[in-house]
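One letter stands for each residue in the lines below.
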Amino acid sequence: MSLQGKKILLAITGSIAAYKTPQLVRLMVKAGAEVQVVMTSSAADFVAPLVLSTLSKHEVFSSVANGHHWNNHVALGRWADVMLVAPCSAHTLARMANGLCDNMVQAVYLSAPCPVLIAPAMDEDMWLHPTTVANVEKLKSYGHTILPVGYGELASGITGAGRMAEPEEIVAFLNTFTGKVKAVDVSNGKKALVTAGPTYEAIDPVRFIGNHSSGKMGIALAEVLAEKGYDVELVLGPVSQPVQHLPERIHVHHVTTAAEMYTACHEVFPGADVSFLSAAVADFRPEQVAHEKIKKGTDEQMHLTLVKNPDILTSLGKIKKEGQLLIGFALETENEIENAQRKLISKNADWIVLNSLNDKGAGFGYDTNKVTIIGRDGYMKKLELQPKSEIARNVVDCITEHKYSHA
């Protein structure tokens, strides 16, 4: 990964997530970028300017004037290849959306003709508030790029959406940011199907059979495909990941059960050039669903009769036409390569992306992943642990480039 020669202007605002910015600066500099930092006065409550100055090897600016010296915000804005606002608080998000200019960050922002990348950071209720949603849409209409927020423990103590993307994810995104900006509005005329998340199979109105899939991998795949010009149909199971700020090229089909996902996939698949089936679909469902909540009663055991759900990958493999690419995902715990290869052939897929629950930091719930890409022709490529956004990019690149070079 290289940012060699890139000029990155990092704007830091008043959020607890500012404690991550020294690591962010260190990673950008290590990748070869020249970094200059501007920050609001409140940001200095969370991270020391001296630390940032030492790591970036440049003076840190927090005011338009410094005694008798004027800090040239116009020159700073014109210097940068990319302006990165990280963390971007709800306060700054609103000011950027409405063109206010009352601090150094805003003065530089309004003077910067370069692409702008925004990494929001705030509490979940603030992130989901209609005002914030409207401000995000306004900034996107200006051509700015909004990094997805993470899901996890927040400063308020609750667990939810609103965490700033991790420094490693931001640097990975920056590595291809210029190319991404150019690709967003260019259609390649192709369509993609992506499935993501778990399915929930009801036992009664309260309980269900499900799994721990977060949907992060599939959503990341959909975003990469959209960046490359695909019109993406994302069939999404019940996840907590916010999807209201996904690129316009992504059309989301919300489903809950395996049967609903099966139906949605069969509606979309005939028109898809490439299909990534990354969802963790429940293999079984209760034969009967109780209409009322099942009471505990006095019995020591409860017996459920389970029946098989339709196998979506197998069913699509049977109707796949020449020229369509079908990619399945396998999560294995033993004899991993052998089981994945067997699945590849038996389901008539073109590729299998293998995940292992034995790999630390990979699998359900993590922001990182480690996979092996297996082709029907025997091709195999291992991707070491890295952010799921980068795994998605590498998987899509590997499969599409391999296909074209072996057509």
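Residues numbered from 1 in each chain as written. Predicted model: local features only at pLDDT ≥ 70, side-chain atom pairs only at ≥ 80, totals over all residues. Heavy atoms only, no water.

Looking at this structure, how should I read the side chain of E201?
By the secondary structure assignment, E201 is in strand β11 (residues 201-202). Within the structure, the side chain of E201 is placed 3.1 Å from the side chain of T199, a separation counted as a polar contact. A polar contact of 2.9 Å, which involves the side chain of E201, links it to the backbone nitrogen of A258. (Helix = DSSP H or I, 4+ residues; strand = E, 2+ residues; numbered from the N terminus. Polar contact = N/O pair within 3.5 Å; in protein donor to acceptor, adjacent residues only side chain to side chain.)

How should the environment of G237 be read in this particular structure?
Relative to the assigned elements, G237 resides in the loop between β13 (231-236) and β14 (250-254). In this structure G237 comes out as buried when scored by relative accessible area, which is 5%. In this structure, the C-alpha to C-alpha distance between G237 and Y200, residues 37 residues apart in sequence, is 8.0 Å. Those residues in contact with G237, other than ones at most four positions away along the chain, are A196, P198, V255 and M261. (Buried < 20%, exposed > 50% of the residue type's maximum accessible area, 1.4 Å probe, protein only. Contact = heavy atoms within 4.5 Å.)

Teacher, can you tell me more about the pattern of salt bridges here?
Pairing is possible between side chains of opposite charge, provided their charged atoms come close. Considering all chains together, one arrives at 12 salt bridges under this definition. Linking E166 and K20 is a salt bridge whose minimum nitrogen-to-oxygen distance equals 2.9 Å. One end of the pair, E166, is in the loop between β9 (159-163) and α8 (167-175); the other, K20, is in the loop between β1 (7-12) and α1 (21-30), and 146 residues separate them in sequence. We classify E166 as partly exposed; its relative accessible area is 22%. Residue classification places K20 among the buried residues on the basis of a relative accessible area of 8%. Among the ionic pairs, R207 bridges to D204, the shortest N-O distance being 2.5 Å. (Salt bridge = Lys/Arg side-chain N within 4 Å of Asp/Glu carboxyl O.)

Explanation requested: the nonpolar core in the structure shown.
One recurring pattern in soluble globular proteins is that nonpolar side chains are buried together. Within the largest apolar cluster, 34 residues are counted, with the highest numbers of intra-cluster contacts made by L221, L225, V232, L234, F276, I327 and V395. Every element with two or more residues in this core is listed here: β10 (191-196), α10 (216-227), β13, β15 (274-277), β18 (325-332), β19 (351-356), β20 (368-375) and α14 (388-405). Broken down by element, the residue count for this core peaks at eight residues, all from α10. Those residues within four positions of V395 in sequence are excluded, and the remaining contacts are L221, F276, V353, V371, I373 and L383. (Core = buried A, V, L, I, M, F, W, Y, C linked by side-chain atoms within 4.5 Å.)

In this structure, what is going on with the pairing of strand β8 (residues 150-153)? I would like to understand it.
Regular strands show a simple pattern: their side chains alternate between the two faces of the sheet. Pairing of β8 with β9 involves four bridges; the strand directions are antiparallel. Counted as the bridge partner of G152 is G160 from β9. Hairpin geometry of β8 and β9 is characterised by an intervening segment of five residues between the two adjacent antiparallel strands and by a positive phi of about 100° at G157. (Pairing = 2+ DSSP bridges.)

I keep staring at the sheet that holds strand β2 (residues 34-39) and nothing clicks. Help me out?
Either a parallel or an antiparallel arrangement is found when strands of a sheet pair, and the pairing is made through backbone hydrogen bonds. The parallel open sheet is built from five strands, whose spatial order is β2-β1-β5-β6-β7. In the strand order of this sheet, the two ends are held by β2 and β7 (145-146), each with one partner. Summarising the sheet, strand β5 (residues 82-88) and strand β6 (residues 116-120) pair through four bridges and their orientation is parallel. When the bridges of β6 are listed, C88 appears paired with P120. Along the sheet, α8 makes contact with β1, β5, β6 and β7, crossing β5 at roughly 160°. (Axes fitted to C-alpha atoms, helices over the stretch in contact; angles between N-to-C directions.)

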